[in-house]
Every structure is written in C-alpha cells, then in structure tokens.
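# Coordinate analysis (summary)
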Protein chains: 2
Amino acid sequence: MEIILAKQAGFCFGVKRATHLAFEAAERGGETYTLGPIIHSPQVVQRLEEMGVKALPNVDDIESGTIIIRSHGVAAHELDDAMTRNLEIVDATCPFVKKAQDHVAGLSKAGYDVVVVGDLDHPEVQGIVSYATGRVFVVSCEEEAQKLPRMSKIGVVAQTTQSFETLKEVVDVCLEKGSEIRIYNTICDATAVRQEEAKALAGKVDCMLVIGGFNSANTKRLAEVCAELLPRTHHIETASQVDPAWFDGVKKVGVTAGASTPKWLIDEVLERITEVERDKKR
Amino acid sequence: MEIILAKQAGFCFGVKRATHLAFEAAERGGETYTLGPIIHSPQVVQRLEEMGVKALPNVDDIESGTIIIRSHGVAAHELDDAMTRNLEIVDATCPFVKKAQDHVAGLSKAGYDVVVVGDLDHPEVQGIVSYATGRVFVVSCEEEAQKLPRMSKIGVVAQTTQSFETLKEVVDVCLEKGSEIRIYNTICDATAVRQEEAKALAGKVDCMLVIGGFNSANTKRLAEVCAELLPRTHHIETASQVDPAWFDGVKKVGVTAGASTPKWLIDEVLERITEVERDKKR
Ligand code: F3S
Ligand code: F3S
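Residues numbered from 1 in each chain as written. Chains lettered and ligands numbered in written order. Predicted model: local features only at pLDDT ≥ 70, side-chain atom pairs only at ≥ 80, totals over all residues. Heavy atoms only, no water.

### As for the domain arrangement of chain A
The following threshold applies: Domain segmentation is taken from an automatic or database assignment of domains.
Domain boundaries assigned for chain A yield domain 1 (2-10 + 190-281), domain 2 (13-93) and domain 3 (96-183). When each unit is reduced to the centre of its C-alpha atoms, the spacing between domain 1 of chain A and domain 3 of chain A is 36 Å.

If you want it as structure tokens, here you go:
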C-alpha cells in the first residue's frame, strides 16, 4: 500500500514560524508568557505549558520576563503596553498579518478611510483595525459594505483567511462609495492551496485520512471537500483512531492535515498506517 | 401646451467650458488654431472656422499664434511640441480628462503598472495613455483584462465616458492579477445623469424631442432610451424638422439634447414649438 502525504499537510508558514519561535523562547527558559494562545492548537499550547510558558489574556499582570506575540497578532496598544513594561518581546505575528497591519497604518497616515474585509469578532481583525489612526470600518460581506458612508479615499485590506469572492464583492461596493480606492490584497492563500492539493490527492487515492481537531473549522472543511470526491475519507484527531478495516483492498492512501495540526500528530498517524499494514501481512 | 426642457440638455460642463475658451480666443483675434476639432460638434467647429480658427491635425505646421487644446485632451508630446514652439496655449482639456491624465502620470511615477479602461481608438484614451512613463495597458472589457500579465502594483483609471459596470469588471480581474490595486474612478457621470433625467422626463410628458446629430452616438442612445418609455419620441437635428402634427392632443412636450448640441440649436427648437402652437391657436 502506497502512502501519499500532502505537501501542504498541517502547519502553514505562519503557524510553523510562530510555534518555532515559541519553543525556542521556552527552551531559553526564564519567565515566558504568550498573549492569548500562540496558535489555534490545544496540543501545542499544552506542550508549551509543560515547558513553563503560560498563556495570559493581557499584559497587565506581567512585570518582567518574555512575552510571545501570537501568530494572528495583537492590538497596537497591547504591543505598546508590553514595550512600556520593558518586557522582552518575541513577535510571532505571521508576516502576512503584519503586512495587513502595516498597510492599515500606512493608509490611515496617507489620509484614507480604511475598510477591513473580515470578521469583527476575530482577534486578527481586532489587531489589524487597531493600527488605523483615522476612520476604520470592518465589513464581512457585501450587505455590510452597502451600509458604509460615502468617502473620498478608501483603503481596503482583508483578514488573511477571507475568501477572495468576498473581497471582490466589497471592492465593487467601495467603487460606488468613493472616487479613489486602494486595495492591498492581504489574503493568504495557504488554506485555499491546502484544499486544492487535498482535492487533487483525493482524486487519485482509494482512501483519504484528514488529521485535525474535530472542532477545527478548517480541518472539517478539508475533510468535507475530500469526502465529496472520495466517500472513503476519514477525519481523525489522533493515530489511535485509525481503523485497520479502512484499508481493505486499498492500493493508495492519501493523508493531509488542517492548519493547526502539529507535525508530530501527522507522523504518529503515518507510523500507525505502516504498522497496520505490517500486521496484515503477517 | 407646456414645454419642459431638461436641465441637462446639451453641452456638459467640459464641452461648455471648451467652447467658451475657444470663442474667447477667437474673439481676441490673431492666428488661432485648434488641435483636432475642439468638440464633437460640426456646427461649433464651423462657427469657429468662420471666425478664423482653423482645426489642424497636429502642431507641425504652426510657427506662431495661439493653439487651443480640445476638450478630450491631446498626447503629452503634442503639448510639449506646442510649448517648444513657443505657441500660446489655451488648454480646453476637460478638467475631468486632465485628472485622468494626471493620475496616470502619478501612478507611473509611484511605480504602478497602469491599466486604462477604455477604447484604444479614442483620442481621449490615446491622450491619457501618453502620460504614463512606465508600463501601460488599455482594456475595453473583462475579456481583454483577462489577458493582462501578472503585475505587482496596478493602477487603474477609466476613460471618462466608460460604463461603471465595465470598470467594476476590469477591477475584479485586476484583483487577480496583482496584490496592490489603486483605482481612480475617473468616469464622468454627465452622460448617465443626462439619460436618467431624460427618462424621468419621458415618463411624464406626452411627446418628447431629442436634439442632436443623427451620427452622434450619445444623442442616438438618448433618443432610444426615451423611445422605450415613450414611443412618441422624435430625434431631430434642427428646428426645421419639427412637424406640427406631432403635437396633436399633446398637453406636455419634453425636450432634451445630446452632449454636443449647442444651446442655440436647442433655443431654435423651443422657439419653433412655441410658433407651431401659436399657429394652431389662430
Ligand atoms: S498564519 Fe498561516 S494561514 Fe497564512 S496568514 Fe499566516 S501563513
Ligand atoms: S467633456 Fe463632458 S462628458 Fe464629462 S469628462 Fe468632461 S464633462
């Protein structure tokens, strides 16, 4: 049985980088904190905790030590607070998120009213928005964009996980709201690329495993997308859930994983599949 | 019979201004030329000719005197040529067209590849394009935009008479071609506003007259739009074409005119209608 692991399985560039920076800081030792969970992975957060890294909701209670900024960034004033307190800062904000923050700051400075295409409840968006020094609006869809006032110069950025369709729709509305529109397409295509690759893989294997939290939205979506093409798709969280019966008559098995699934979980699953095969041959 | 003249009948702001500047220059006397026809109106061009103003295709043959730049502008090098020759320049370029030219120059300077949404054959577009110092493309529709290469920073301007729909479609494609898009909506709404007003007028009168050249695209379109709502719509070029029979049983007559129709032609038609009515009452 051939096992094919998707190239884009698991951590995206930004999550990989943030995790790396966090473990590096943890290994250096000393008082170390993260501002909110470093990435959306309970396993990673737990491992860091075991190494003495605490996740705190804000900097208020921290007097000294190192503070790690999570992958989707924090509000400008939180970073300022950390600097004022003379904490050592490890900025694990994903460079793509940072770019969106910088563009908002630049647009504000250049006199643009800023429109952020995204979800107001998401911490990434709250962080991005905080970099505006002038007017800023958050819209998640065309209907919300319709309610924007008329403006003369409009700057547009997007939450990194927005769909391209929504960005397009909001831009179309903005064209009716102002005479100059400046758009930075800050959408990160990691999610879209992972899905496309998974679809291609599901099309050429007999069985597909998708690894990631049952409550992870992007993993669930990934499993759905594969199941549409290949009913023999199984969404699992850990290696122990692998059922040997799944591989009956299977020549090729595909494996992928959500954005918050650490490599060690993927490796455990790959090992488990090999084990199952060995057992069968005996 | 009530006669209602549309507020937006005839010359738009830019054509009015250009005509005014041209007649002013003509009255000052001396050698005076226009670079191409000053506006798209044979009557105006003829009147200027009678006052000694010649329309020339380029500046090559002009050694001295005054040169009037037409409403839809000229290419940057033609203006430079005129300056080099020490000619007196009366720049009747519509300020809205000028804006599009300036934005193209500014975008090029700021490192943007420029996309002009418009018709490559139109002199206005050729003028606008000439202000680019970097890469510049002209696209008239979505399909043409699809063929654009990938670019990093894209600046977009529109020919002043473009439809908003086309601008939107091209912008949507540009969003897929580059990561930063800066759009100046340089569409002038004079034509759209005139059509909307004409439609509203056609809806409340019994008979509608649309004045303008039979070969004028915008006048023909204006007549079509009215005829759809009111079959008793008549497209005429001059007062002599008014047929008294048109007003049988008519309580209200609406009058509008294309963008290149001079006020004196409209006045003659209004007088003619009044005359027809007077004759009938006798
Ligand atoms: S965290 Fe990941 S999903 Fe994109 S924006 Fe950064 S690479
Ligand atoms: S010439 Fe007229 S149609 Fe608009 S761009 Fe200038 S006012």
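What follows continues from the structure just given.
### So, the site of ligand 1
Keep this limit in mind: One heavy atom suffices: a residue is near a molecule or strand as soon as one of its heavy atoms comes within 4 Å of it. Ten residues, namely Ala, Val, Leu, Ile, Met, Phe, Trp, Tyr, Cys and Pro, are considered nonpolar, four, namely Asp, Glu, Lys and Arg, are considered charged, and the remaining ones, Gly among them, are considered polar.
The immediate surroundings of ligand 1 are formed by Cys12, Gly14, Val15, Cys94, Phe96, Thr160, Cys188 and Ala190 of chain A. Here the shell around ligand 1 is composed, by residue class, of 6 nonpolar, 2 polar and no charged.

### As for the sheet that holds strand S2 (residues 32-35) of chain A
Residues and elements named next belong to chain A. Inclusion rule: Here the rule is simple: two strands pair whenever DSSP picks up at least two bridges between them. The helix count covers DSSP runs of H or I at least four residues long, the strand count covers runs of E at least two residues long, and both are numbered beginning at the N terminus. Axis lines are fitted through C-alpha atoms, for helices just across the contact stretch, and the angle between N-to-C directions can take any value from 0 to 180 degrees. We call two residues contacting when some pair of their heavy atoms lies within 4.5 Å.
Read across the open sheet, the 4 strands follow the order S3-S2-S4-S5; overall the sheet is parallel. At either margin of the open sheet sits one strand with a lone partner, and together these are strand S3 (53-56) and strand S5 (88-91). If you compare each strand with its neighbour and ignore which way they point, the axes differ by 25° on average. Inspection of the sheet shows S2 paired to S3 by 4 bridges, in the parallel sense. For Tyr33, the partnering residue across the bridge sits in S3 and is Lys54. Helix H3 (residues 76-84) rests against S2, strand S4 (66-69) and S5 of the sheet, and its axis sits at about 145° to S5.

### As for helix H9 (residues 217-229) of chain B
Residues and elements named next belong to chain B. Note the threshold: In this scheme, a helix's expected span is set at 1.5 Å multiplied by one less than its residue total. Each residue is placed in one exposure class: buried if its accessible area under a 1.4 Å probe, protein chains only, is under 20% of its type's maximum, exposed if it is over 50%, and partly exposed if it falls in between. The arc refers to the directions leading from the helix axis to the C-beta atoms.
Helix length check: H9, at 13 residues, gives a terminal C-alpha distance of 19 Å against a target of 18 Å (1.5 Å per residue), a fit within 8%. Those residues of H9 that fall on the buried side of the exposure criterion are Thr219, Leu222, Ala223, Val225 and Cys226. Viewed end-on, H9 has its buried residues packed into an arc of 160°, placing them on one side of the element. Among the exposed residues of H9, those pointing more than 90 degrees away from its buried face are Ala217 and Glu228. In this structure, the buried residues of H9 make contact with helix H8 (190-202), strand S10 (207-211), strand S11 (233-236) and strand S12 (252-257).

### Thoughts on the relation of the copies chain A and chain B
The criterion, for reference: We superpose the copies by least squares over the C-alpha atoms of residues that have a pLDDT of at least 70 in both of them.
Between chain A and chain B, which share one sequence, the superposing operator has a rotation angle of 180° and an axial displacement of 0.1 Å; the RMSD is 0.1 Å. Put plainly, the chains are arranged around a two-fold axis. Distance from the rotation axis, computed per C-alpha, reaches its smallest value in chain A at Arg182 of chain A: 2.1 Å.

### Some details on a negative patch on the surface
Basically, it comes down to this: Exposure above 30% relative accessible area and no salt bridge define the residues that can form patches, which grow by joining like charges within 9 Å and nonpolar side chains of Val, Leu, Ile, Met, Phe, Trp and Tyr within 5 Å. Throughout, the Shrake-Rupley method with a 1.4 Å probe supplies accessible areas, and for residues the shown protein chains are the sole cover considered. In the sections that follow, a salt bridge refers to a side-chain nitrogen of Lys or Arg positioned within 4 Å of a carboxyl oxygen of Asp or Glu. As used throughout, the charge tally considers Lys and Arg to be positive and Asp and Glu to be negative, leaving His and the chain termini uncounted. By convention, the point assigned to a charge is CZ for Arg, NZ for Lys, CD for Glu and CG for Asp.
Together, Asp60, Asp61, Asp80 and Asp81 of chain A line one region of the surface with negative charge. Structurally, Asp61 of chain A can be placed in the loop between S3 and S4.

### A look at the pattern of salt bridges
Opposite charge on two side chains makes pairing possible when the charged atoms of those side chains draw close. Residues and elements named next belong to chain B. Tallied over the full model, the rule gives 22 salt bridges over all chains. In this structure, Arg221 and Glu224 form a salt bridge, with 2.9 Å as the shortest nitrogen-oxygen distance. Of this pair, Arg221 and Glu224 both sit in helix H9, 3 residues apart, which is roughly one turn of that helix. By relative accessible area, Arg221 is classed as partly exposed at 37%. With a relative accessible area of 42%, Glu224 lands in the partly exposed category.

### Here's the deal with the site of ligand 2
Surveying the vicinity of ligand 2 reveals the residues Cys12, Gly14, Val15, Cys94, Phe96, Thr160, Cys188 and Ala190 of chain B. Counted by class, the shell around ligand 2 contains 6 nonpolar, 2 polar and no charged residues.

### Brief notes about the interface of chain A and chain B
Stated formally: When two parts are put together, the accessible area they lose, computed with a 1.4 Å probe and summed over both, is reported as buried area. Polar contacts, as used here, are pairs of N or O atoms within 3.5 Å; protein pairs need one atom able to donate a hydrogen and one able to accept it. Residues neighboring in sequence count only if both atoms are side-chain atoms.
With 14 residues of chain A at the interface, the matching set in chain B holds 14 residues. Summed over both sides, the interface between chain A and chain B buries roughly 1,400 Å², with carbon and sulfur atoms accounting for 55% of that surface. Across the chain A-chain B interface, the total number found is 4 salt bridges. We note a salt bridge from Lys168 of chain B to Glu176 of chain A, for which the minimum N-O separation is 2.9 Å. Applying the counting criterion to the chain A and chain B interface returns 12 residue pairs in polar contact (both at pLDDT 80 or more). Every element with two or more residues in the side of chain A that touches chain B is listed here: helix H7 (164-177) and strand S9 (180-184) of chain A. Class assignment of the residues belonging to the side of chain A that touches chain B gives a composition of 7 nonpolar, 2 polar and 5 charged. The pairing of S9 of chain A with strand S9 (residues 180-184) of chain B spans 5 bridges and is classified as antiparallel. Following the sheet pairing, Ile181 of chain A is matched in S9 of chain B by Ile183 of chain B.

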